[in-house]
Amino acid sequence: MPHARYFIARNQDAWIIRYDNEEFGPYKTQSEAMLFAVEAAKNLQKQGSEADICLMGDNGHFRPEWSTLRETRA
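This is a predicted model, so every value here is computed, not measured.

Visitor: Which parts of the structure should I look at to understand the overall build of the chain?
Guide: A tally of regular secondary structure across the chain gives 2 helices and 5 strands. Starting at the N terminus, the α and β elements of the chain follow one another as β-β-β-α-β-β-α. In terms of C-alpha radius of gyration, the chain reaches 12 Å, essentially the compact-globule figure of 11 Å for 74 residues. Expressed as lengths along the three principal axes of its C-alpha atoms, the size of the chain is roughly 35 × 20 × 20 Å. Within the span of the chain, comprising 74 residues, buried residues form 35% of the whole.

Here you go:
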C-alpha cells in the first residue's frame, strides 16, 4: 500500500506543509497547519494510501506526530 509523508515546519512567523516536493501554506499557527495536513492525509487514506505527519521540533528535527495507521487502530 502506498505511504505518504507530510512535514510541518516553521517558516519565519508562519507554518508550512511540505508534501511530495511541494509546499502548502502559509498557515498562521502550527495547529492550523496540522488540521489541514490531517484532512489531506485522511483524504489520501480514502483513496487507499496510508500517511504520516511529521512535525519539526525546536531542534530542527522532525518527529512523527500523527498517522492514519494509528487512526484506524483507535
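Visitor: What should I look at first to understand the environment of Thr 68 in this one?
Guide: Positionally, Thr 68 belongs in helix α2 (residues 68–73). We classify Thr 68 as buried; its relative accessible area is 0%. In this structure, the C-alpha to C-alpha distance between Thr 68 and Ile 53, residues 15 residues apart in sequence, is 8.9 Å. Setting aside residues up to four positions removed in sequence, Thr 68 forms contacts with Ala 41, Gln 45, Glu 50 and Ala 51. Side chain to side chain, Thr 68 and Glu 50 meet in a polar contact 2.5 Å long. For Thr 68, the side chain forms a polar contact with the main-chain nitrogen of Ala 51, separated by 2.9 Å.

Visitor: Looking at this structure, I do not really get the sheet that holds strand β4 (residues 50–56). What am I missing?
Guide: Where strands meet in a sheet, backbone hydrogen bonds hold them as pairs that are either parallel or antiparallel. A sheet is described by the order of its strands in space; here 5 strands give the open sequence β3-β2-β1-β4-β5, paired in mixed fashion. Each of the sheet's edge strands pairs with one partner strand only, and the pair in question is β3 (22–27) and β5 (62–67). With strand direction ignored, the average angle separating the axes of adjacent strands in the sheet is 25°.

Rules behind the numbers
- Residues numbered from 1 in each chain as written.
- Predicted model: local features only at pLDDT ≥ 70, side-chain atom pairs only at ≥ 80, totals over all residues.
- Heavy atoms only, no water.
- Helix = DSSP H or I, 4+ residues; strand = E, 2+ residues; numbered from the N terminus.
- Rg over C-alpha atoms; globule rule 2.2 N^0.38 Å.
- Buried < 20%, exposed > 50% of the residue type's maximum accessible area, 1.4 Å probe, protein only.
- Contact = heavy atoms within 4.5 Å.
- Polar contact = N/O pair within 3.5 Å; in protein donor to acceptor, adjacent residues only side chain to side chain.
- Pairing = 2+ DSSP bridges.
- Axes fitted to C-alpha atoms, helices over the stretch in contact; angles between N-to-C directions.

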